[in-house]
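A structural walkthrough
Below, each chain spelled out in residue letters.
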Amino acid sequence: MSLNHVRPWRNIYRRKSRQIMVGNVPVGGDAPIAVQTMTNTLTTDVAGTIAQVQAAAEAGADIVRISVPDEASSKALKEIVRESPVPIVADIHFHYRRGIEAAEAGAACLRINPGNIGDEKRVKEVIKAAQDHNCSIRIGVNAGSLEKHLLEKYGEPCPEAMVESGLEHIRILQDNDFHEFKISVKASDVFLSAAAYQGIAEATDAPIHLGITEAGGLVSGTIKSAIGLGNLLWMGIGDTIRVSLSADPVEEVKVGFEILKSLGLRHRGVNIISCPSCARQGFDVIKTVEALEQRLEHIKTPMSLSIIGCVVNGPGEALMTDVGFTGGGAGSGMVYLAGKASHKMSNEQMIDHIVGEVEKKAAELDSAAEAAE
Ligand code: SF4
């Protein structure tokens, strides 16, 4: 929960959900909202998949999902799980055997749609395998693959049909005395997703996995996800998120964190506040921000940096950031530390200098946090 007594208009009251474990990552309750992504390598390409999992984890992913479409992928999964720094969710469709194999291979969670993995006997076997191997389950309802009887009843994929599908799946797990589950009700349409998620949030206390499915490419998918997921998170709904993009999984993780950072729900790395620049700029703001984003990727400490082209907004923004730079005249600008004007710096040396100041501040904040523990 993000509560601010001084600025109550920033408060977000999270829906109260049960907590489950996905490996060593708690999901739901008061746990931080977990960020997920999914690999897009062939799972049988063990080295390639491990490299992608590691890159995603380095970018901040708490959990990574991997497709298990065949038996060879189940075998590969075992090796991948062994090397992975984060819990792995196995994505299972149609073949109940894959679910059993994935649980045996060490998956921390199975993403299944109990309606599409066969008859009750087979579902029971998958649930038993999950129980035996300490594996949680995500019920993944998708507007594009709703059961026939629900489509007949409702005429088209709609929020009510998705909620009903989710509750039917929940009942299957509960009837088998399985309670370590979370649920998602995804659609590619923002309105449909948001309404379905609001419905399921009221109907169950299970932790909720948020996502807008098939959201699109980097720019359009980011916008769609920011609107859909952003609104739900703002309402307090969502315990773990995945931004689906037709892009590198690392981009999905970065966008996921940016959405959470914008709402003050999680903090990681340097939050750069920069102006769009205009004729008044005292240095090239756009190029500078591009360079700093790259040079500061290694910083994980939550902190803020303002990079502002001129004195119109520079001193004001710098007041609220850990480190700041405001363009001035004659090829130099002012460096701000903890909101106060500190010293002048030439535009040429500014990027190296700011990187140094940010690293210094991050080390300071890290040791203060350690001392407080
Ligand atoms: S802060 Fe200055 S340079 Fe940046 S957009 Fe505003 S007026 Fe232009």
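The structure under discussion appears in the preceding block.
The sections below set out a description of the structure shown in this document. Here the structure is a predicted model, which means the values were calculated and not measured.

**Describing the site of the ligand**
- Taken together, Cys275, Ser277, Cys278, Arg280, Gln281, Ile308, Gly309, Cys310, Val312 and Asn313 make up the full set of residues near the ligand.
- Its residues assigned to classes, the shell around the ligand comprises 5 nonpolar, 4 polar and 1 charged.

**Observations regarding the side chain of threonine 43**
- Along the chain, threonine 43 turns up in the loop between β3 (34–38) and α1 (46–58).
- Residue class for threonine 43 comes out buried when judged on its relative accessible area of 5%.
- Within polar-contact distance, the side chain of threonine 43 engages the backbone oxygen of serine 67 at 2.7 Å.
- If sequence neighbours within four positions are ignored, threonine 43 has contacts with Thr49, Ile66, Ser67, Ser73, Ala76 and Ile80.

**Observations regarding the nonpolar core**
- Formed by 76 residues in total, the largest nonpolar core has its most connected members in Leu77, Leu110, Ile137, Met162, Leu210 and Leu233.
- Of all the elements, helix α9 (residues 249–262) adds the most residues to this core, at 6 residues.
- Contacts of leucine 233, omitting those with residues within four sequence positions, involve Ile12, Ile33, Leu210, Gly238, Ile241, Ile259, Leu260, Leu263 and Leu265.
- Formed by 21 residues, the second largest nonpolar core is a distinct cluster that contains Cys275, Leu296, Phe325 and Val355.

**Quick notes on the side chain of arginine 111**
- Note that arginine 111 resides in strand β6 (residues 109–112).
- Judged by its relative accessible area of 8%, arginine 111 falls in the buried class.
- Within the structure, arginine 111 has its side chain in polar contact with the side chain of histidine 93 (distance 2.8 Å).
- Those residues in contact with arginine 111, other than ones at most four positions away along the chain, are Arg65, Val89, Ala90, Asp91, Ile92, His93, Arg138 and Gly140.

**Here we look at the sheet that holds strand β13 (residues 323–327)**
- Strand order across the open sheet formed by 5 strands is β11-β12-β13-β14-β15, with mixed pairing between neighbours. Since the sheet does not close on itself, it has two edges, and those belong to β11 (270–274) and β15 (340–346), each with one partner. Neighbour-to-neighbour, the strand axes of the sheet open up by a mean angle of 20°, direction not taken into account.
- Of the pairings in the sheet, the one linking β11 to strand β12 (residues 303–308) comprises 5 bridges and is parallel in character. Bridge pairing in β12 places valine 270 opposite methionine 303.
- Of the strands in this sheet, β11 and β12 are in contact with helix α10 (residues 285–295), which crosses β12 at around 155°.

**Digging into the sheet that holds β6**
- If you trace the 8 strands from one edge of the open sheet to the other, you get β8-β7-β6-β5-β4-β3-β10-β9, paired in parallel fashion. The open sheet has two free edges, formed respectively by β8 (181–186) and β9 (209–210), since each of these has just one partner strand.
- Across 3 bridges, the pairing between strand β5 (residues 88–91) and β6 is parallel. Bridging across to β6, alanine 90 finds its partner in leucine 110.
- Contacting β7 (136–142) and β8, helix α6 (residues 159–175) runs over the sheet at an angle of about 155° to β7.

**Considering the packing of α10 against helix α12 (residues 347–372)**
- Packing of α10 against α12 brings their axes to within 11 Å, and their N-to-C directions diverge by 35°. The two elements α10 and α12 meet at a crossing, and its hand is right-handed. Residue-level inspection shows Thr288, Ala291, Leu292 and Arg295 of α10 in contact with α12, the latter providing Met350, Ile351, Asp352, Ile354 and Val355.
- Broken down by class, the residue content of the contact of α10 with α12 amounts to 6 nonpolar, 1 polar and 2 charged.

**Digging into the environment of glutamate 101**
- Locating glutamate 101 in the fold gives a position in helix α3 (residues 96–104).
- On the accessibility criterion, glutamate 101 (12% relative accessible area) is buried.
- Through-space distance from the C-alpha of glutamate 101 to that of isoleucine 127 is 12 Å; in sequence the pair is 26 residues apart.
- Beyond its immediate chain neighbours, meaning those up to four positions away, glutamate 101 contacts Glu71 and Ser74.
- At 2.9 Å, the side chain of glutamate 101 and the side chain of arginine 98 are in polar contact.

Each value, and the rule that gives it
Residues numbered from 1 in each chain as written. Predicted model: local features only at pLDDT ≥ 70, side-chain atom pairs only at ≥ 80, totals over all residues. Heavy atoms only, no water. Near = heavy atom within 4 Å. Nonpolar A, V, L, I, M, F, W, Y, C, P; charged D, E, K, R; others polar. Helix = DSSP H or I, 4+ residues; strand = E, 2+ residues; numbered from the N terminus. Buried < 20%, exposed > 50% of the residue type's maximum accessible area, 1.4 Å probe, protein only. Polar contact = N/O pair within 3.5 Å; in protein donor to acceptor, adjacent residues only side chain to side chain. Contact = heavy atoms within 4.5 Å. Core = buried A, V, L, I, M, F, W, Y, C linked by side-chain atoms within 4.5 Å. Pairing = 2+ DSSP bridges. Axes fitted to C-alpha atoms, helices over the stretch in contact; angles between N-to-C directions. Left-handed = near helix turned anticlockwise from the far one by under 90°.

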